[in-house]
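The chain contents come next:
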Amino acid sequence: MEDIWSDLAAHRKRTSDIRISDLLKDTNRFNEFSASLNDMLLDYSKTSIDAAAMHMLLKLASGVEAKRDAMFRGDKINVSEDRAVLHTALRNRSGNPVFVNNVDVMPAVQDTLQRMRQFSQDIRQGDICAADKRPFTDIINIGVGGSDLGPVMTTLALAPYHDGPRTHFISNIDSAHVSDVLKGLDPQRTLVIIASKSFTTIETMTNAKAVVKWLTEALGDQHTKHLAAVSSATEATAAFGIDPTRVFGFEDWVGGRYSVWGPVGLPLMLAIGPDNFDDFLQGAFEMDTHFRTAPLDENMPVLLALIGIWHNNICGYPTRAILPYDHRLGRLPAYFQQLDMESNGKSVAQDGTPLTRDSGPVIWGESGTNGQHAFYQLIHQGTAIIPCEFLVAAQGFEPDLQHHHDLLVANCLAQSEALLLGRKPLTPKSSHREFPGNRPSTTLLYRQLTPRTLGKIIALYEHRVFVEGTIWGINSFDQWGVELGKQLAVNTLPKVENSKHTDNMDTSTTGLLNAYHALK
Ligand code: F6P
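About the thresholds
Residues numbered from 1 in each chain as written. Predicted model: local features only at pLDDT ≥ 70, side-chain atom pairs only at ≥ 80, totals over all residues. Heavy atoms only, no water. 1 Å grid on protein atoms, 1.4 Å probe; cavity = no way out; pocket = protein on both sides within 12 Å on 5 of 7 lines; lining within 4 Å. Points joined across faces, edges and corners; volume = space filled by probe spheres on them. Helix = DSSP H or I, 4+ residues; strand = E, 2+ residues; numbered from the N terminus. Nonpolar A, V, L, I, M, F, W, Y, C, P; charged D, E, K, R; others polar. Buried < 20%, exposed > 50% of the residue type's maximum accessible area, 1.4 Å probe, protein only. Polar contact = N/O pair within 3.5 Å; in protein donor to acceptor, adjacent residues only side chain to side chain. Contact = heavy atoms within 4.5 Å. Pairing = 2+ DSSP bridges. Axes fitted to C-alpha atoms, helices over the stretch in contact; angles between N-to-C directions. Near = heavy atom within 4 Å. Areas by Shrake-Rupley, 256 points an atom, 1.4 Å probe, with all protein chains shown as cover. Sits in = over half its atoms within 2 Å of the grid points. Expected span 1.5 Å × (residues − 1). Phe/Tyr/Trp six-rings, centres within 6.5 Å; stacked < 30°, edge-to-face > 60°. Lys NZ or Arg CZ within 6 Å of the ring centre and 35° of its normal. Salt bridge = Lys/Arg side-chain N within 4 Å of Asp/Glu carboxyl O. Domains from an automatic or database assignment.

## Remarks on empty space enclosed by the protein
Here is step 1: Summed over the entire model, instances satisfying the criterion amount to 4 cavities of 30 Å³ or more.
Here is step 2: Considered as a void within the structure, the largest cavity measures approximately 50 Å³ in volume.
Here is step 3: Looking at the largest cavity, the residues that line it are Ile307, Gly308, His311, Asn312, Tyr317, Thr319, Arg320, Pro361, Pro387, Glu389 and Arg464.
Here is step 4: At the level of elements, α13 (300–314) and β10 (319–325) are the ones that each hand at least two residues to the lining of the largest cavity.
Here is step 5: Counting residues per element, the lining of the largest cavity draws most heavily on α13, which supplies 4 residues.
Here is step 6: Of the residues assigned to the lining of the largest cavity, the class counts are 4 nonpolar, 4 polar and 3 charged.
Here is step 7: For the second largest cavity, the calculated volume is near 40 Å³.
Here is step 8: Every residue along the wall of the second largest cavity is listed here: Lys67, Ile77, Gln350, Phe466, Gly469, Thr470, Ile474, Asn475, Ser476 and Phe477.
Here is step 9: In terms of residues, the lining of the second largest cavity owes the most to one element, helix α17 (residues 451–472), which gives 3 residues.
Here is step 10: Across the lining of the second largest cavity, the residue classes break down as 4 nonpolar, 5 polar and 1 charged.

The following block contains the structure:
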């Protein structure tokens, strides 16, 4: 494998003077450097990857198929936690069994999905109702990380499909979040879902207690009729007083950031209805099937991963921007931050040895066109080169506002073209008006942001992260890097609460604590 890495580096050195616009003089390039799945097209012709580079990159992916099959088979590929990785089972529509420890997990998956359906239908139709027998009008989901970002991102993305109760989210431990959300709501008409895989996360449990107090003040003992939970820890949910028929669990083989396909997606199912949620799962299943069966050189997740590796490891660009020209994907960059950076932000290989090359890049972004008026200056003229990943729909949902959509698409295409072509200065003295161009981008074009399309997009990126992690030799499914800060926060709390305890800390943190107590 080391040979391939050095061949790639040498190839880049040899070809780095060739501009992407010169590569595009080949009229076949768009066809050769794009891939599609039904009504979704990935164009990567505006990158510096040429046929020789792709040939070498594909060799890097030679171990991916075996690892992919091991994942789908239920092997314990999350070695540091000794767990299988089977979020794909939550959206398995094939009818085939999926085994973990020789037990087919599909009956339990279907059973939970059926319970979610029934619960959602009952809430949406008012058969399960508030303590005063009126239907619930609002839902609050309390969770953080994977128990928040998926429901937040997907409910916003699928707003045109909302015909259920309004959804609200509390994630941050900052009292501002709980306070601002509760301010606009009536406890008599609000269902609260406490979403925590572990049911121990301090932000979620603290926010849950505040919201239960708010419910209890209005409803007394009846407040339990306004509670549901999404968790694997059924003993803890029972101890919290949540009726077991309103607890929806999932197994340890579903990581938090991969959990939107099951009970964590309950707010989405409540908002858009079970049938639309089924379409969301169907879209992801179609991407899973494509990932499992398409040849590597036509396989969208594999190609997207190889493009990422080319930019990160071979060209040395340490970040990538996620730029959805689809306003309802406004939280997609944040969602992909957790998906990608919590999965691939690692510096040791699966066997614990230090990595010899960079792993996960920094993921960031914003929806277009808003981002254009904020940070595109740097993207076009800054010293850093930022590979840009555009996403755009052919159809919006507002036919009477077609002109807006035309402008949106025009902006998206114009940005990738400007990055590609750049512009020479008008006069020798106006170098500040020069656009260097030759800046890489990809574009994911899809027909419309339906539940099915959204399922496909998320699954595409999940598998991209998996392929990159596999090539880097890391475990993309643990997240030990979030532990230390959590532990230190527990130790630091007494020192924040009481100035007498500000000992045994580094001098900077002690200085900050002292200043904090002086200002408090
Ligand atoms: O931030 C770390 C993390 O463990 C994430 O992986 C997870 O999505 C989040 O915390 C929330 O965890 P839980 O669902 O157990 O509350």
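## Some points on the side chain of Thr470
Here is step 1: With respect to the secondary-structure elements, Thr470 resides in helix α17.
Here is step 2: Given the relative accessible area of 17%, Thr470 is considered buried.
Here is step 3: Here Phe466 takes part through its backbone oxygen, which lies 2.8 Å from a polar atom of the side chain of Thr470.
Here is step 4: Look past the residues within four positions of Thr470 in its chain and what remains in contact with it is Gly63, Val64 and Lys67.

## Considering the sheet that holds strand β13 (residues 441–446)
Here is step 1: One open sheet accounts for 6 strands, arranged β1-β2-β13-β12-β10-β11; its pairing is mixed. Every other strand in the sheet has two partners, leaving β1 (34–37) and β11 (362–365) as the edge strands with one partner each. When the angles between neighbouring strand axes are averaged without regard to direction, this sheet yields 15°.
Here is step 2: Strand direction decides the pairing type here: strand β12 (residues 388–393) and β13, joined by 6 bridges, are parallel. Each bridged residue has a counterpart across the sheet, and for Ala393 the counterpart in β13 is Tyr446.

## A short note on the sheet that holds strand β6 (residues 166–170)
Here is step 1: An order of β6-β5-β7-β8-β9 is seen for the 5 strands of this open sheet, with the pairing classed as parallel. Edge positions in the sheet fall to β6 and β9 (247–248), since each of these pairs with one other strand and no more.
Here is step 2: Sheet topology note: the strand β7 (residues 190–195)/strand β8 (residues 227–230) ladder contains 4 bridges and is parallel. What sits directly across from Ala195, in β8, is Val230.

## Focus on the environment of Pro267
Here is step 1: Mapped onto the fold, Pro267 is located in helix α11 (residues 266–272).
Here is step 2: Given a relative accessible area of 1%, Pro267 falls into the buried group.
Here is step 3: Each C-alpha atom of the pair Pro267 and Glu2 lies 46 Å from the other, and the pair is 265 residues apart in sequence.
Here is step 4: Excluding residues within four positions of it along the chain, Pro267 makes contact with Asn141, Pro151, Thr155, Thr167, Phe169 and Ile193.

## Description of the site of the ligand
Here is step 1: Near the ligand, the surroundings consist of 14 residues, among which Gly146, Ser147, Ser196, Ser198 and Thr201 are the closest.
Here is step 2: Within the side chain of Ser196, a nitrogen or oxygen atom sits 2.6 Å from an oxygen atom of the ligand.
Here is step 3: Residue Gln338 places a side-chain N or O atom 3.2 Å away from an oxygen atom belonging to the ligand.
Here is step 4: For the ligand, whose accessible area on its own is 400 Å², the fraction buried by protein is 85%.
Here is step 5: Its atoms largely coinciding with the cavity grid, the ligand occupies the largest pocket.
Here is step 6: A class-by-class count of the residues in the shell around the ligand yields 2 nonpolar, 9 polar and 3 charged.

## Focus: helix α7 (residues 149–157)
Here is step 1: Most of α7 is tucked away: 8 of the 9 residues are buried.
Here is step 2: Every buried residue belonging to α7 is among Leu149, Gly150, Pro151, Val152, Met153, Thr154, Thr155 and Ala157, and all of these are buried.
Here is step 3: In this structure, the buried side of α7 is in contact with β5 (138–142), β6, α11, α12 (274–293), α14 (332–344) and α17.

## Details of helix α9 (residues 202–219)
Helical geometry: 3.6 residues make up each α-helical turn, so side chains three or four residues apart lie on a common side.
Here is step 1: Between its terminal C-alpha atoms α9 stretches 25 Å, which fits the 26 Å expected from 18 residues at 1.5 Å a residue.
Here is step 2: Buried residues of α9: Thr204, Met205, Asn207, Ala208, Val211, Val212, Trp214, Leu215 and Leu219, and no others.
Here is step 3: Buried residues along α9 sit in contact with β5, β6, α8 (175–183), β7 and β8.
Here is step 4: After α9 finishes, the residue Gly220 shows a positive phi value of roughly 60°.

## What to know about the packing of aromatic side chains
Here is step 1: Counted under the stated rule, the structure contains 15 aromatic pairs.
Here is step 2: Both rings, one in Trp261 and one in Phe280, keep their centres 4.6 Å apart while their planes meet at 20°; by these two values the pair is stacked. Here the residue Trp261 occupies a position in the loop between β9 and α11, and Phe280 occupies one in helix α12, the gap between them amounting to 19 residues.
Here is step 3: One aromatic cluster is present, formed by Phe72, Tyr258, Phe291, Phe466 and Phe477 through successive ring pairs.
Here is step 4: Here Arg29 stacks its cationic end above the ring of Phe33, 4.1 Å away from the centre of that ring.
Here is step 5: The ring of Phe291 has Arg68 sitting right over it, with the charged end atom 5.9 Å from the ring centre.

## Details of the pattern of salt bridges
Here is step 1: Scanning the model with the defined rule gives 27 salt bridges in all.
Here is step 2: The salt bridge partner of Asp478 is Lys346, with a shortest N-O separation of 2.8 Å. Here Asp478, found in the loop between α17 and α18 (483–497), pairs with Lys346, found in the loop between α14 and β11; they are 132 residues apart in sequence, far enough to count as distant. As far as burial versus exposure is concerned, Asp478 and Lys346 are alike and both buried.
Here is step 3: If you follow the salt bridges from partner to partner, you end up with Asp39, Glu286, Arg447, Arg452 and Lys456 in one network.

## Regarding the domain arrangement of the protein chain
Here is step 1: Along its sequence, the protein chain is organised into domain 1 (2–82 + 287–478), domain 2 (106–250) and domain 3 (483–519).
Here is step 2: On a C-alpha basis, the centres of domain 2 and domain 3 stand 33 Å from each other.

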